[in-house]
Amino acid sequence: MSELVLGVLVSGSGTNLQALLDAVKAGRLSAKIGVVVSNVATAKGLDRARAAGVPAVVVDHKAFADRAAFDAAVVEVLRAHGATCVVLAGFMRLVTPVLLDAFPHRVVNIHPALLPAFPGVHGPAQALAYGVRVAGCTVHLVDAGMDTGPILAQATVPVLDDDDEASLAARILEKEHELLPQVVQWIAEGRVEVAPGGEGKRPRVRVRIERR
Ligand code: GAR
C-alpha cells in the first residue's frame, strides 16, 4: 500500500496537528504530513508545522469570492504537496464539494462533542449548558453538512460538577490527541471501508479492527 500523505488544515492553536506530528515521529502513525494549510496567517499550527520541517501554507479565505473558490485554492495546495488524505484539525471553515470531491471519503474531521449532539462551534459549552454527564469527541468523515458525516470513532470523558467550559474542553482535547492519530493510523492501514448507504440512508462505515 502506498504511503498515506496527509494535508492538515488548521485555523488555530494546532494541538491536534501536534498530536499527529508527534505520532509520526514516535512511529505510531505510518503517514507523512505533506503540508499544513491555514486560512489564518497567525495560526499557531503553522509554527508547529514549520518547527517540524513541514511546509506551512496560508490560504486566506478573505481573498476569495466564495467558499468554493477558497476550497479550489486549498485543493491546489494539497495536490501540489501530494496529499492523499485531508485532516481538518481545528479548521473552522465549512468545506464544499470542491474539496470533498477531490478527496472522496478521505476528508476527516475531529469534533469536540459526541456527535450527533452538539455540532458546530463551542461543543463543550453546548454540552455543559445542556447538562450532559458524559461528553467527548468524535472523528468522522466529512460530508457536505456541518459535522454530519459518517462517524469513525468516539471517545468519552466524564462531565464533573464543577466543570466550566475551559476545564471540560481541556479534558476532551486530551482525548482528541489520542483518538485522532489512532483513527488516521487505521486509515493508513487500510482498515476503514465506506459503503454507500442506499436510498436515503447514511453511508455505512466499517473499521476493521479487533475491538476489546
Ligand atoms: C479542537 O477541540 C477541535 O476538536 C475543535 O477545535 C479545537 C482545535 O484545537 N474543532 C471544532 O470545534 C470543529 N467544529 P487545536 O487547534 O488545538 O487542535
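Check the entry above for the structure.
As the structure is a prediction and not an experimental result, all values here were calculated from the model.

J.: Please clarify how the sheet that holds strand S1 (residues 4-10) should be interpreted in this entry.
T.: Adjacent strands of a sheet form backbone hydrogen bonds with each other and so pair up, either parallel or antiparallel. Here we have 7 strands laid out as an open sheet, ordered S3-S2-S1-S4-S5-S6-S7, and mixed in their pairing. Among the strands making up the open sheet, the edge pair consists of strand S3 (56-58) and strand S7 (151-158). Strand-to-strand twist across the sheet, computed as the mean angle between neighbouring axes with direction ignored, equals 20 degrees. Two strands pair when backbone bridges link them, and strand S6 (residues 134-141) and S7 are joined in this way by 7 bridges, in the antiparallel orientation.

J.: Explanation requested: helix H2 (residues 44-51) in the structure shown.
T.: Since one α-helical turn is 3.6 residues long, residues separated by three or four positions face the same way. Among all positions in H2, only Gly 45, Leu 46, Arg 48 and Ala 49 are buried. For H2, the buried positions fall inside an angular range of 160 degrees around the axis, keeping them on one side. In the stretch just after H2, Gly 53 is the one whose phi turns positive, near 75 degrees.

J.: I keep staring at the site of the ligand and nothing clicks. Help me out?
T.: Lining the immediate surroundings of the ligand are Ser 13, Gly 14, Thr 15, Asn 16, Gly 90, Met 92, Ile 110, His 111, Pro 112, Gly 120, Leu 173 and Glu 176. Within the backbone of Gly 14, an N or O atom sits 2.7 Å from an oxygen atom of the ligand. Taking Thr 15, its side chain carries an N or O atom lying 2.5 Å from an oxygen atom of the ligand. Summarising the interface, the protein chains cover 87% of the accessible area of the ligand, which totals 450 Å² for the free molecule. Sorting the residues of the shell around the ligand by element identifies helix H1 (15-25), strand S5 (107-111) and helix H6 (165-188) as the ones contributing at least two each.

J.: Explain the side chain of Thr 138 to me, please; I cannot follow it from the model alone.
T.: With respect to the helices and strands, Thr 138 occurs in strand S6. Of note is the side chain of Thr 138, whose polar atom sits 2.6 Å from the backbone oxygen of Ala 113. For Thr 138, the side chain forms a polar contact with the side chain of Gln 154, separated by 2.9 Å. Discounting chain neighbours no more than four positions away, the residues touching Thr 138 are Asn 109, Ile 110, His 111, Ala 113, Leu 114, Leu 115, Ile 151, Ala 153 and Gln 154.

J.: I'm lost on the pattern of salt bridges in this one. Help?
T.: It is possible for side chains bearing opposite charge to pair when their charged atoms get close. Tallying each qualifying case throughout the model produces 6 salt bridges. Residue Asp 161 is joined to Arg 133 by a salt bridge in which the shortest nitrogen-to-oxygen separation is 2.7 Å. Of the two residues, Asp 161 is situated in the loop between S7 and H6 and Arg 133 in the loop between helix H5 (123-130) and S6; the sequence distance between them amounts to 28 residues.

J.: I would appreciate a short explanation of the environment of Pro 116 in the present structure.
T.: Positionally, Pro 116 belongs in the loop between S5 and H5. Take Pro 116: its relative accessible area is 75%, and that puts it in the exposed class. Measuring from C-alpha to C-alpha, the distance between Pro 116 and Val 87 comes to 19 Å, with 29 residues separating the pair along the chain.

Thresholds, definitions, all that
Residues numbered from 1 in each chain as written. Predicted model: local features only at pLDDT ≥ 70, side-chain atom pairs only at ≥ 80, totals over all residues. Heavy atoms only, no water. Pairing = 2+ DSSP bridges. Helix = DSSP H or I, 4+ residues; strand = E, 2+ residues; numbered from the N terminus. Axes fitted to C-alpha atoms, helices over the stretch in contact; angles between N-to-C directions. Buried < 20%, exposed > 50% of the residue type's maximum accessible area, 1.4 Å probe, protein only. Arc of directions from axis to C-beta. Near = heavy atom within 4 Å. Polar contact = N/O pair within 3.5 Å; in protein donor to acceptor, adjacent residues only side chain to side chain. Areas by Shrake-Rupley, 256 points an atom, 1.4 Å probe, with all protein chains shown as cover. Contact = heavy atoms within 4.5 Å. Salt bridge = Lys/Arg side-chain N within 4 Å of Asp/Glu carboxyl O.

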